[in-house]
Amino acid sequence: MLLPLLTLLLSFSGTVLGQLEDSKFEDDVDLADFGLDIAPRRVPRQVKTIITKETKPHIQELSIKTTIISRYAFTAVYCSLLNRHPAASEGVFQFQIPANAYISNFTMIIGGRVYQSEVKPKEKRVKQERGKSGTKEPGDASPEPEVEVFRMAAKIPGRNRAVFLLTYEELLQRRLGRYEHVTSLRPMQLVSRLSLDVTIVDHSPITDLEVLPLRNGKSNAAANTATAPKAPNIPAKPELPITTVIKNEKNVCKITFSPNIIQQAKITTSGILGDFVIRYDVQRDMGIGDIQVLNGHFVHYFAPKDLPAVPKNVVFVIDTSASMLGTKIRQTKDALFTILRDLRPGDNFNFVSFSNKIKVWQPNRLVPVTPLNIRDAKKFIYMLTPTGGTNIDGAIQTGSSLLRDYLLGPDSSPNSVSLIIFLTDGRPTVGEIQSVAILGNTRSAVQEKFCIFTIGIGNDVDYRLLERMALENCGMMRRINEEADASAMLKGFYNEIGTPLLSDIRINYTENSVQYVTQNLFTNYFNGSEIVVAGKLTNESAESLHVQVTASNNDKSIILETDVPLRHRQIDTEKNVKLATAAMATGVRGLGTDVTQKLGVALGSVAEDFVERVWGFLSIKEGLRSRLRSQTSKDREGHTQQATNLSMTYHFLTPLTSMVVEKPEVLTDGSMAPAPTITPGAGEATSPANELPGDTDDREQQTPGRNLNSQALSQSNTIGKVVRRPTKKSITFSKTSADGDPHFVVEFPLSKLTVCFNINGEPGHILGLVSDHKYSGVTVNGKLIGAPAPPGSHKQQRTYFSTITIVVDKPQRAYIEVTPKKVILDGRDRIVLPCHSTVSVESGALSVAIVGNSNVTVTVGGNISFVILLHRYKNPAPYQRDHLGFYIGNNKGLSHNCHGLLGQFLYEEVGLAELPAQGDTKPSLVLKVKNRSVPVVQKSRRIYSGTQSVDCWFARNNAAKLIDGEYKDYLMSHMFDTGDWPHGTNQV
């Protein structure tokens, strides 16, 4: 996720190293060693005893910083562990994250060395460091549905510190009219400096903000969730956690929580404080919803209000097998009694109970909600007695038959919502027990006429079966933990789906104006929820986007439509991002360190792309659901590959990827194993590869000891690479390039000819420039952005390259991504370099040299090089965009089978021929290339940022006949696509 993370970490590590020099490591206990800023006489004796007798490394600082921009939450967790003993000791960093979130980065700094995580495609299912449910497959029978545990253990050298940085992202879901953000505060010990800082920024005013008391225990959580909708009616406000401060200013809200160690001990001495829960909503206007636009992507939030409820037809299918005996059946009955009271006039319902035998309360029909029917239903529920096995297939078939027959009868309303609510605590043991057969039977019985919502209770449930059953039949699944309050969670789940407001919702956008749109067809919309759609704009310079929403409500058809002013929405969204980054740049009240401020800077940097990341997040979730629903291995593989590619693009740890991090090597004497010796070039000084803007290199003013530590840090961050500042000198490279609008130039040295052509692409398109994946392992792709044409131009818009990605698959996979602002090198390490700096980095076969604000040279294996020019504007005109120019420097390492818009010409010979005059026309020239004749005219092109002019033969019509195939053949699905040229070779 966080592109400037290594920059941030280097800044952290410098702070850590400085602290190491200043700290005392005496055998006698000094509370200052633990980072306590409280006078010792004021620390209670019990607290002193707890922290001084602790044998494992002590958590000096735990800082958690979250920013929520328009419901999308970025969280960074900073944890500092101190090993005050002379011997090496194992430090454990453990943190619970919401199950719906994706980890986007993990980094350790131990002994002054940075260990950066890497996300890779998962080759096989292996046990991960992320706890029992860490990298679970969707639908695994995990006993921990609400959270996942990230856990990393590493040896910390004697008398040393370790820093752990974890980041994760999450799209908050609206349930029961509120968004809920949960932060787990369970460090498992008292923490010297503990702080939580949450910033909420939204396009709409923030309403109904509520911070709950610290929530500990699953039953507590369930009860709170179930009662959420009634909270506003409770006159007494819940007591805020101690030290909590709330600052709410319309569209920006900031919540801080920073108890000192004494205040923590008053809550608990175990370090398990609980969940810090924030709930809120936003003000909504009637109409199409909230649409936000940023950098060529859009996200659409749709949550209509003040609509009448749609009547529903519901069949409750309840497990009464022997395993339900006791608490489970008692809590289930209690929930069903409450649900019966919440049924509305106009609803129709029935009950099915199942074990070995299947019982139907009202055979062959659904009954309306009347006082008499409610009374009789309560009697049926009261008499339910657990016994026997579990016939899941028979129960689903019976419930489906009841609903299907009712929908075909005369009493059925055509616009009502029909659903089955299915509850079980076990696996199928009677009748059909094979999951595949049960799912097939269910699809045949449902016939896409209604939805199935499934609920599993406890640990002995086939959650994969329940999740697939729900997903294949337009429903959703909910897990209830064995120890949870099942009654409260059942009530809460019913409250979520008990009030349908719309059915058959379709959200459409202007044809050919958007692409890669996430799910835009929805069976139902329930009160208190929200529909979220995201996608890419095909033309960023378009003035407006037409949006139409169609749906049904009772016996009415609803059509909402409007034209969204894209530029205006882009400006509004950019304002929100600026508000968020400004709020995040401030530190936490009462914290004696700048750590949280730096966390805010890092979060602010990634927030600039939050709309695109919402699209990526949703697309991955959708891909995983489609994968789970797949009926054939081919479909499954397609969805798997798509979701994996997106996970890699956004550096997300998902069920299809694994996160790998090198662990430090600690010697038997407790010291760190020495880092490889790296000798800087003659006359060049080592320096951190990443510096925060405005940082200065003050190592000459440091004490000798501090200077040695800084040098060690520089070396440890450059294992396998050399970091130096290249001198600014003139560079030479070929004319073969794609620069400007984009103008392509191809130099043919053997033929002593230069050819040029234009590609009139669309904003958002990704073009394959060099494709040699099978041979040298190199692929180069470029992404286009749009800009309005300057005054007097014959074009309606212009396009430029905003991003260039170089993917290398040999000897191992790595990539370099270049934008006008930053360079990402993901090889042995993941490094982010700002384009305003002058620096050189080598990692394995890859090297990057940046001349600040000028150009980037990428070298692969010593015999392939590319030069990327940086075109940036200080005060851009409306038609100017920061962009890149791509030049091929050295192509000796590329194979003769290389392809792509530029790569296909590297080893070709061409010639000019004159066509005789016909009639009154003058003789014309054609270019002979690959046995084709291409009409050309002579032109002049300026290259190298306008410093040189080149005469070339220009091929018109989007390079028709000059390039193999057509323009569309060079469109790539994503920036890391290494797909082969359709024809396989240069010949057609």
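Residues numbered from 1 in each chain as written. Predicted model: local features only at pLDDT ≥ 70, side-chain atom pairs only at ≥ 80, totals over all residues. Heavy atoms only, no water.

Draft legend 1. Spotlight on the sheet that holds strand 28 (residues 531-537). Strand order across the open sheet formed by 4 strands is 16-17-28-26, with antiparallel pairing between neighbours. Whereas interior strands pair on both sides, the edge strands pair on one side only; in this sheet they are strand 16 (290-294) and strand 26 (514-515). Note that strand 16 and strand 17 (residues 297-302) share 5 bridges and pair antiparallel. Bridging across to strand 17, Gln292 finds its partner in Val299. Lying over the sheet, helix 13 (residues 610-629) contacts strand 16, strand 17 and strand 28, oriented at roughly 70 degrees with respect to strand 17. (Pairing = 2+ DSSP bridges. Helix = DSSP H or I, 4+ residues; strand = E, 2+ residues; numbered from the N terminus. Contact = heavy atoms within 4.5 Å. Axes fitted to C-alpha atoms, helices over the stretch in contact; angles between N-to-C directions.)

Draft legend 2. The pattern of salt bridges, seen in detail. Within this structure, the stated rule accounts for 28 salt bridges. In this structure, Arg613 engages Glu169 in a salt bridge whose closest nitrogen and oxygen atoms are separated by 2.8 Å. Remark: Glu169 occurs in strand 8 (residues 160-171) and Arg613 occurs in helix 13; sequence separation between them is 444 residues. Accessibility assignment for this pair places Arg613 and Glu169 in one class, buried. Residues joined by salt bridges that share partners form a network here, namely Arg71, Arg174, Asp202, Asp281, Arg284, Asp290 and Glu530. (Salt bridge = Lys/Arg side-chain N within 4 Å of Asp/Glu carboxyl O. Buried < 20%, exposed > 50% of the residue type's maximum accessible area, 1.4 Å probe, protein only.)

Draft legend 3. Geometry of the pairing of strand 36 (residues 778-788). Burial within strand 36 is extensive, with 10 of its 11 residues counted as buried. In terms of strand pairing, strand 35 (residues 766-772) meets strand 36 through 6 bridges, oriented antiparallel. Each bridged residue has a counterpart across the sheet, and for Leu767 the counterpart in strand 36 is Gly782. The turn joining strand 35 and strand 36, which pair antiparallel and follow one another in sequence, is formed by 5 residues; a positive phi near 85 degrees is taken by Gly777. Bridging between strand 36 and strand 37 (residues 797-808) involves 11 bridges; their strand directions are antiparallel.

Draft legend 4. Molecular detail of the sheet that holds strand 15 (residues 274-282). Strand order in the open sheet formed by 4 strands is 9-10-15-12, and the pairing between neighbours is antiparallel. Two strands close off the open sheet at either side, each with one partner strand: strand 9 (174-175) and strand 12 (206-211). By the bridge criterion, 4 bridges tie strand 12 to strand 15 in an arrangement that is antiparallel. Bridge pairing in strand 15 places Val211 opposite Ile278.

Draft legend 5. Layout of unusual backbone geometry. The residue after Asp741, namely Pro742, is reached through a cis peptide bond having omega -20 degrees. Structurally, Pro742 can be placed in the loop between strand 32 (737-739) and strand 33 (743-748). With omega at 0 degrees, the peptide bond leading from Lys810 into Pro811 counts as cis. Mapping Pro811 onto the fold places it in the loop between strand 37 and strand 38 (814-818). Positive phi, close to 50 degrees, is recorded for Lys930, a residue that is not glycine. Relative to the helices and strands, Lys930 resides in the loop between strand 47 (924-929) and strand 48 (932-943).

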